[in-house]
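Analysis of the macromolecular model
Each chain, letter by letter, is given below.
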Amino acid sequence: MGKKYLVRSLNTPIAGIRTVIQPACNGGKRNPYQIPPMEHIFFTAHGKQDKAEIYELWKQSYPNQNRNYLNFYFKNIFDKGRCIALEQDQRIISSLQLNEHILRLRDKQLKISYILGVSTLPDYRRRGHMRRLMESALDEAGHNHLVTLIRGFYPKLYEQFGFETVYERKLYTVPRECLHKVSLTNISYAAEPQELLQAYQNFTKHFDGCYVRDREYYVLLQNEIVVTQKQMVVYRNRQGEVCGYLIFHKKKQEIHVEEAIYLESVVLMRLLKAAIGREQEILVEVSQSEKLEKIFPLLIPKKQPFIMARINNPELFNKLYNLEVKSAAEAFASALRPLWIHEYY
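To keep things clear, this report deals only with the structure shown in the data block. All of these numbers come straight from a predicted model, not from anything done at the bench. (Residues numbered from 1 in each chain as written. Predicted model: local features only at pLDDT ≥ 70, side-chain atom pairs only at ≥ 80, totals over all residues. Heavy atoms only, no water.)

Some remarks on the pairing of strand 13 (residues 254-262)
With eight of nine residues buried, strand 13 is to be regarded as a mostly interior element. Hairpin connection, strand 12 (residues 242-251) to strand 13: the antiparallel pair is bridged by two residues, and Lys252 has positive phi, about 60°. Of the strand pairs in this sheet, strand 13 and strand 14 (residues 281-287) are connected by three bridges, and their pairing is parallel. Within strand 14, the residue paired with His256 across the bridge is Leu283. What joins strand 13 to strand 14 is helix 7 (residues 265-276), and the crossover it makes is right-handed. (Buried < 20%, exposed > 50% of the residue type's maximum accessible area, 1.4 Å probe, protein only. Helix = DSSP H or I, 4+ residues; strand = E, 2+ residues; numbered from the N terminus. Pairing = 2+ DSSP bridges. Right-handed = clockwise from strand over helix to strand, strands pointing away.)

Describing the packing of helix 1 (residues 48-61) against helix 2 (residues 67-76)
Where helix 1 contacts helix 2, the axes come no closer than 11 Å and their chain directions differ by 150°. Between helix 1 and helix 2, the crossing angle belongs to the class labelled roughly antiparallel. Helix 1 and helix 2 meet at a crossing whose hand is right-handed. Along the contact surface, helix 1 presents Lys51, Ile54, Tyr55, Trp58 and Lys59, while helix 2 presents Arg67, Leu70, Asn71, Tyr73 and Phe74. Classifying every residue of the contact of helix 1 with helix 2 by side-chain character gives six nonpolar, one polar and three charged. (Axes fitted to C-alpha atoms, helices over the stretch in contact; angles between N-to-C directions. Parallel < 35°, antiparallel > 145°, perpendicular 65-115°, else oblique. Left-handed = near helix turned anticlockwise from the far one by under 90°. Contact = heavy atoms within 4.5 Å. Nonpolar A, V, L, I, M, F, W, Y, C, P; charged D, E, K, R; others polar.)

Quick notes on the packing of aromatic side chains
Evaluation of the coordinates by the stated rule reveals 21 aromatic pairs. Aromatic pair Tyr69 and Phe72: ring centres 6.5 Å apart, planes at 35°, arrangement tilted. In this pair, Tyr69 and Phe72 are both assigned in helix 2, three residues apart and thus about one turn of the helix distant. For Tyr69, a relative accessible area of 12% translates into the label buried. Taken together, Tyr55, Trp58, Tyr62, Tyr69, Phe72, Tyr73, Phe74, Phe78 and Tyr345 form an aromatic cluster joined through their ring pairs. One Lys or Arg, Arg169, reaches over the ring of Phe306 and ends 3.8 Å from the middle of that ring. (Phe/Tyr/Trp six-rings, centres within 6.5 Å; stacked < 30°, edge-to-face > 60°. Lys NZ or Arg CZ within 6 Å of the ring centre and 35° of its normal.)

Okay, structure coming up:
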């Protein structure tokens, strides 16, 4: 007989509980006198043991992931999403996470899903396990969300599931000498969550495709910064209002800016000067439309694929927006303003 699989969601479902039973095949042949093994897809709450197994699975699949960040994610974020896992040999061998967010696109707010944590134990790879999970996840997403996002780590891997690269980021390396004459006036290193949220909202008015964040998002973000030993630098205007911030981390001799929020170029320059400290250069990731070469003429950015998207129901999407797009690339290209999608989960 063939092998028996159990595919299950480890978190409370979005749209109730359902069970799908499918016969498993053995090399495309079926013995009419043999009861075929079954695959069961069903949804239930997860337990501590399941969560611990998923944690170990992620550690093996993402060995370069910051361990402090991994601990933070599983303590504060994991339970808010849905983790679909596949069991075999009495253990979890493959899983992925499906998180729900609100995204603003073309002046409408959409509930979207974001897939991450796609992982399989090394000894069970290349056997189609991840395909089973992706198909299950996308089936669920198709019933709940018009759009699903995923990080563009491996574009060719996800293209077979209907994902397309819709957003690239640009990486600039800013040498210290570019910031030599920049002032540190109005620089601060602390801000309230509501102040950061207001700065974000003012910044993203100029963009499309952004998450709709709230105060709780920034409470969690500040907790993450402390736990993962990242840093934040803030710029305040003469009235004391937060007009920009950077979130960055230092790895060996490298300063890497993960998120840059600013309303004017001088604000960005002062934030970079504060963040670079004594290092010789600072790396900054920004959206496709942010042209830092206008501030630093000699810099040449490197483009990096970042977000892939899938339109789960093109007909409904077109009806909602009164469009006639045929792909995710066309859908996001129809944005009213430049895209800014810097989310990791």
